[in-house]
Amino acid sequence: MLHQKRFTASLFLIAFFCLCNAAAALAAELRYTLAMPEPHTHYFKVAADLSGINKKYVDFTMPVWAPGSYLVREFAKNVDGFEATDQAGKSLRAEKIDKNTWRVYSNKSKAVHVAYNVYAFEVSVRTSFLDASHGYVNGTSVFMYPEGFEKTAGTLVVQPYQGWDKVSTGLKSNGKFTFTFPNYDILADSPLEIGNHPVYEFTTNGVKHEVAMYGEGNFDPKRLVADMQKVTEEAGKVIGELPVDRYVFIVHNLNRGGGGLEHLNSTTLETSRWTYGTEAGYNGFLGLVAHEYFHLWNVKRLRPLPLGPFNYNEENYTDLLWVSEGFTSYYANMIVRRAGFTTPQQYLDRVAASISNVENTPGNKVQSASESSYDAWIKYYRQTENSNNAEISYYSKGDVLGLLLNMEILKSTKGEKSLDDVMRYMYNRYYKQLKRGFTQAEFKQGVEKMTGHNMDAFFRDYVDGIKMPDYNTYFDAAGLKLVNEKAGSNLPGWGASTASSDGKLLVRSVKRGSSAWEGGLNVNDEIIAINGYRVDANELTRVLGEQKVGDKLDVLVNRDGKIATLQVPLLKDESIRYHFEQVENPTDLQKKIYNTWLAVENS
């Protein structure tokens, strides 16, 4: 036990040093300069000027991950040419002290200037990219932060390549190509699109929205902007407020691509440039818009406790991505439906397909939704040929759990409340009132507040457990039942996906518990013949179509240069294909819940 006087003195000293450090950070000034004089080399030139310091050294750290994408990406791997000088331009000693930190010895200087290059040639919404046509910056992959000065406000000066005249970003402008930020979190969370892209605008609930469109595509700007406005309007109705004064969509139209990444008042979307030409492709893009836009509330403000303030140096674990991402997937489809872009039947078909997908994934019987969330850092972004056998996506499982919770709330309240009410309650309680994240126990309490009853079994069995729900006990509330179209069939399954490569038929994955699994087929096996006859992809389909449950196939394979014959027993295909049917003579309450859930009044 510490002596009381010593303990008090220690506390005083700690408080004193904390105040001194806080004052130093407050007095400091931070300025970044971003240049790209040779975009064809894919190098950004970054400079950071930190003044008003009083330290022997300053550590400049490059984050290892991008918030919203739960994988350590080691952004420091793209840095080279790090240099440091004082305000007079005199070189300062700098050394790398770990994988992503450079220590600069200030030599009693009140200011340090660091400069470094970042190679940016990875096409994704999570990284940065630069070529002769445009530049895209995702903050954590480009901007180092001086440790101890994360809360320091600063300025970013962008020096676009000659002839480029636009910079689109959620950062506040302070003159042409000059932007301000209140702290590093905001700088890191505000991507930049740099080039000559067109920018379209619309207003939702008095808030200006900008759409920066890089790349050509088969979209009609007028129609697309009008439809994006409808999506944002419907999304805003869920929580009831828009917590920003401006919002920026950055859209990358590429030869191939898909996905998005949310930010505090902006998002980056990546899509195929020809996706807008079909109803499915167009509505799919609107679904992507809805998903990333709904993150404006869910995860960027209403967030799990570990997801902010961010630790940029290591993983930030949470068991709630099934809510943050899975519910956002649920709302993306729901918002597109409420906006009138899909019919009630199209929405139900999508729901049935989502449930079928989850139940047909063997990993759903291995990994729970909360475990999937927690293990995102080591599993979801590191998919292997066995991932489907051992994992379930927190996106797809969370989507289904959101559906079931919505039905439970509608049923418990006779259609008066829904999952929307849970989201509003949680947003107001934890983001606005308590100004902090929430735990899974607190989320469960929020659900119970709406249902009016204990939800222990639901969370035990379906969130933390792997039990299959009795879906029809939920959907009966809306006068619907899920029907498995394959329930009466007795066809054999195969369970191995294959692909042709250089004239060889190769096994790419084997489904747990399937015929191929039980018969010993391995990934990378070359299938040469079945029952003594040479097969290719077409022949394999024909042969399998002629078999019945209980048959055995002699499969000749080449495995790592050795020829072997495997006897594969054909087991019953246990896969599911659901669709919805209405119950006979639905009650008035069932009709009410159906109409409320599917926004029939909006049709």
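Everything below is about the structure printed above this text.
Residue positions are given per chain, counting from 1 as you read along its sequence in written order. Local features in this predicted model are restricted to residues whose pLDDT is 70 or higher, and side-chain atom pairs enter the listing and the counts only when it is 80 or higher, whereas totals over whole chains, interfaces and linings include all residues. Side-chain numbers come from the whole structure's heavy atoms, not from hydrogens or water.

Trainee: Explain the overall build of the chain to me, please; I cannot follow it from the model alone.
Mentor: Helix and strand counts for the chain come out as 16 helices and 28 strands. Radius of gyration here uses only the C-alpha atoms, and the compact-globule reference equals 2.2 Å multiplied by the residue count raised to the power 0.38. The globule rule puts the C-alpha radius of gyration for 603 residues at 25 Å, and the 28 Å found for the chain is close to it. Burial analysis of the chain (603 residues in total) assigns 54% to the buried set. Contact definition: two residues touch when any of their heavy atoms are within 4.5 Å. For the chain, the share of sequence-separated contacts (at least 6 apart) that also reach a separation of at least 24 residues comes to 68%. A helix here means a DSSP run of H or I that spans at least four residues, while a strand means a run of E at least two residues long, and both kinds are numbered starting from the N terminus. Using a 1.4 Å probe on the protein chains alone, a residue whose accessible area is under 20% of its type maximum counts as buried, one over 50% counts as exposed, and one in between counts as partly exposed.

Trainee: Sorry, what's going on with helix α12 (residues 456–463) here?
Mentor: The periodicity of an α-helix, 3.6 residues per turn, causes residues three or four positions apart to be oriented the same way. What α12 keeps buried is the set Phe458, Phe459, Asp461, Tyr462 and Val463. Buried residues in α12 make contact with α5 (321–338), α7 (369–374), α9 (394–412), α11 (440–451) and α13 (471–475).

Trainee: For this particular structure, what's the right way to read the sheet that holds strand β20 (residues 266–272)?
Mentor: Hydrogen bonding along the main chain pairs the strands of a sheet, whether they run parallel or antiparallel. When DSSP finds two or more bridges between two strands, those strands count as paired. A sheet is described by the order of its strands in space; here five strands give the open sequence β16-β17-β18-β20-β19, paired in mixed fashion. With partners counted over all chains shown, the strands left at the sheet margins are β16 (199–204) and β19 (258–262), one partner each. Taken over all neighbouring pairs, the strand axes of this sheet differ in orientation by 15° on average, direction set aside. In the sheet, strand β17 (residues 207–214) pairs with strand β18 (residues 246–254) via seven bridges, with the strands oriented parallel. Note that in β18 the partner of Met213 across the bridge is Val251. Contacts between helix α4 (residues 279–294) and the sheet are confined to β17, β18, β19 and β20, with β20 contributing the most and set at about 160° to the helix. Only the contacting stretch of a helix is used when fitting its axis, a line to C-alpha atoms as for every element, and angles between N-to-C directions run 0 to 180 degrees.

Trainee: I keep staring at the pairing of strand β5 (residues 94–98) and nothing clicks. Help me out?
Mentor: Two faces, one strand: in a regular strand the side chains alternate between the faces of the sheet. Relative to strand β6 (residues 101–105), β5 runs antiparallel, the two sharing four bridges. Residue pairing for β6: Glu95 is matched across the bridge by Arg103. In sequence, β5 turns back onto β6 through a hairpin of two residues.

Trainee: So what exactly am I meant to see when it comes to the layout of surface pockets here?
Mentor: The method is simple in principle: a probe with the dimensions of a water molecule rolls over the atoms, and the space it marks as empty is what remains. For each structure, a 1 Å grid was placed over the protein atoms alone; sets of points admitting a 1.4 Å probe that cannot get out are labelled cavities, open sets with protein on both sides within 12 Å along at least five of seven lines are labelled pockets, and lining residues have an atom within 4 Å of a point. Grid points are joined across faces, edges and corners, and a volume is the space filled by probe spheres set on the points. Each pocket or cavity is described by its volume, and for the largest pocket that value is around 780 Å³. Looking at the largest pocket, it is lined by 29 residues, and the ones nearest its centre are Asp185, Arg303, Gly308, Pro309 and Phe310. Ranked by residues supplied to the lining of the largest pocket, first place goes to helix α2 (residues 184–188) with four residues.

Trainee: Explain the packing of aromatic side chains here, please?
Mentor: The way to describe two aromatic rings as a pair is by their centre distance and the angle between their planes. Under the pairing criterion, centres of Phe, Tyr and Trp rings, with the six-membered ring standing for Trp, must be within 6.5 Å; the plane angle then separates stacked pairs below 30 degrees from edge-to-face pairs above 60, leaving the rest tilted. Taken as a whole and assessed by the stated rule, the structure comprises 47 aromatic pairs. Taken together, a centroid distance of 5.9 Å and an interplanar angle of 80° make the contact between Tyr347 and Trp597 edge-to-face. Of this pair, Tyr347 sits in helix α6 (residues 344–359) while Trp597 sits in helix α16 (residues 588–597), and the two are 250 residues apart along the sequence. Summarising the burial analysis for this pair, Tyr347 and Trp597 share the class buried.

Trainee: What am I meant to see in the pattern of salt bridges here?
Mentor: Close approach of charged atoms allows side chains with opposite charge to pair. For this analysis, a salt bridge means a side-chain nitrogen from Lys or Arg found within 4 Å of a carboxyl oxygen belonging to Asp or Glu. Scanning all chains against the criterion turns up 27 salt bridges. One salt bridge connects Glu234 with Lys237, and the closest N-O pair in it is separated by 3.0 Å. On the criterion of helical spacing, the pair formed by Glu234 and Lys237 is a turn pair, its members being three residues apart in helix α3 (residues 221–239). Using a relative accessible area of 54% as the deciding quantity, one classes Lys237 as exposed. Note that Lys444 and Glu448 form a salt bridge whose closest N and O atoms lie 2.7 Å from each other.

Spatial relationships are all this shows, so hold off on functional conclusions.
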